[in-house]
Amino acid sequence: MKSPLQPSALPSKPRSSWQVRDIFLICGWAVASLGTLHSAEYFVSLEGSDQNNGTARDQAFRTVQKGVDALKEGDTLTILPGEYFETV
């Protein structure tokens, strides 16, 4: 009689089903993170400068147009409080 602790006595799943599941998990994670890998947040402030990189509040752009021009798909433009007199 075999001991219940012997590997042959334990139920096992086919190895291929675990591999397929792992591949689906990895692919799902990769697809879900594609949008966040390349997204950025830009800032516009009346105290900013269009010479800044716009990626932080203390490095904000001065004009909304400069912020819009920097955007790529998935990015966010945060316009800080104030009155901006420009045509975009």
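Predicted, not measured: the structure shown is a model, and the values here were computed from it.

Rules used in this analysis
- Residues numbered from 1 in each chain as written.
- Predicted model: local features only at pLDDT ≥ 70, side-chain atom pairs only at ≥ 80, totals over all residues.
- Heavy atoms only, no water.
- Helix = DSSP H or I, 4+ residues; strand = E, 2+ residues; numbered from the N terminus.
- Buried < 20%, exposed > 50% of the residue type's maximum accessible area, 1.4 Å probe, protein only.
- Contact = heavy atoms within 4.5 Å.
- Areas by Shrake-Rupley, 256 points an atom, 1.4 Å probe, with all protein chains shown as cover.
- Patch = residues over 30% accessible without salt bridge, like charges linked within 9 Å, V, L, I, M, F, W, Y side chains within 5 Å.
- Salt bridge = Lys/Arg side-chain N within 4 Å of Asp/Glu carboxyl O.
- Core = buried A, V, L, I, M, F, W, Y, C linked by side-chain atoms within 4.5 Å.
- Pairing = 2+ DSSP bridges.
- Right-handed = clockwise from strand over helix to strand, strands pointing away.
- Phe/Tyr/Trp six-rings, centres within 6.5 Å; stacked < 30°, edge-to-face > 60°.
- Lys, Arg positive; Asp, Glu negative; His and termini not counted.
- Polar contact = N/O pair within 3.5 Å; in protein donor to acceptor, adjacent residues only side chain to side chain.

(A) Representation of the overall build of the chain within the structure. Broken down by element type, the chain carries two helices and two strands. Ordered by position in the sequence, the α and β elements of the chain form the string α-β-α-β. Across the 88 residues in the chain, those meeting the buried criterion constitute 17%. Taking as baseline every contact in the chain between residues at least 6 positions apart, the subset at least 24 positions apart corresponds to 31%. Counting only carbon and sulfur atoms, one obtains 60% of the accessible surface of the chain, whose full area is about 7100 Å².

(B) Spotlight on a nonpolar patch on the surface. A surface patch of nonpolar side chains, amounting to about 220 Å² of accessible area, comprises Val68, Leu71 and Val88. Examined against the element boundaries, Leu71 turns out to sit in the loop between α2 (64-70) and β2 (76-79). Using a relative accessible area of 32% as the deciding quantity, one classes Leu71 as partly exposed.

(C) Highlighting the nonpolar core. Tyr42, Val44, Phe61, Val64, Leu80 and Tyr84 form the largest nonpolar core, which has six residues in total. Excluding residues that lie within four positions of it along the chain, Val44 makes contacts with Ala60, Phe61, Arg62, Thr63, Val64, Gly67, Leu77, Thr78, Ile79, Leu80 and Tyr84.

(D) Quick peek at the environment of Phe85. With respect to the helices and strands, the residue Phe85 is situated in the segment after β2. Assessed through its relative accessible area of 75%, Phe85 is described here as exposed. For the pair Phe85 and Thr63, spaced 22 residues apart in sequence, the C-alpha to C-alpha distance is 9.2 Å.

(E) Highlighting the pairing of β2. Two strands pair when backbone bridges link them, and strand β1 (residues 41-44) and β2 are joined in this way by four bridges, in the parallel orientation. Each residue of the ladder has a partner; that of Tyr42, found in β2, is Leu77. Between the parallel pair β1 and β2, the chain is carried across by α2, and the sense of this crossover is right-handed.

(F) How the structure looks around the packing of aromatic side chains. Applying the stated rule across the entire model yields one aromatic pair. Taking 6.1 Å as the distance between ring centres and 20° as the angle between the ring planes, the aromatic pair formed by Tyr42 and Phe61 counts as stacked. One end of the pair, Tyr42, is in strand β1; the other, Phe61, is in the loop between β1 and α2, and 19 residues separate them in sequence. Judged by relative accessible area, which is 12%, Tyr42 ranks as buried. The class for Phe61 is buried, based on a relative accessible area of 3%.

(G) Representation of the side chain of Asp75 in the model. Positionally, Asp75 belongs in the loop between α2 and β2. Lacking a salt bridge, the buried Asp75 has Lys72 as its closest oppositely charged neighbour, with an N-O distance of 5.8 Å. Looking at Asp75, its side chain comes within polar contact range of the main-chain nitrogen of Ala40, at 2.8 Å. From its side chain, Asp75 meets the backbone nitrogen of Lys72 in a polar contact 2.9 Å long. Contact partners of Asp75, with chain neighbours within four places excluded, come to His38, Ser39, Ala40, Tyr42 and Ala70.

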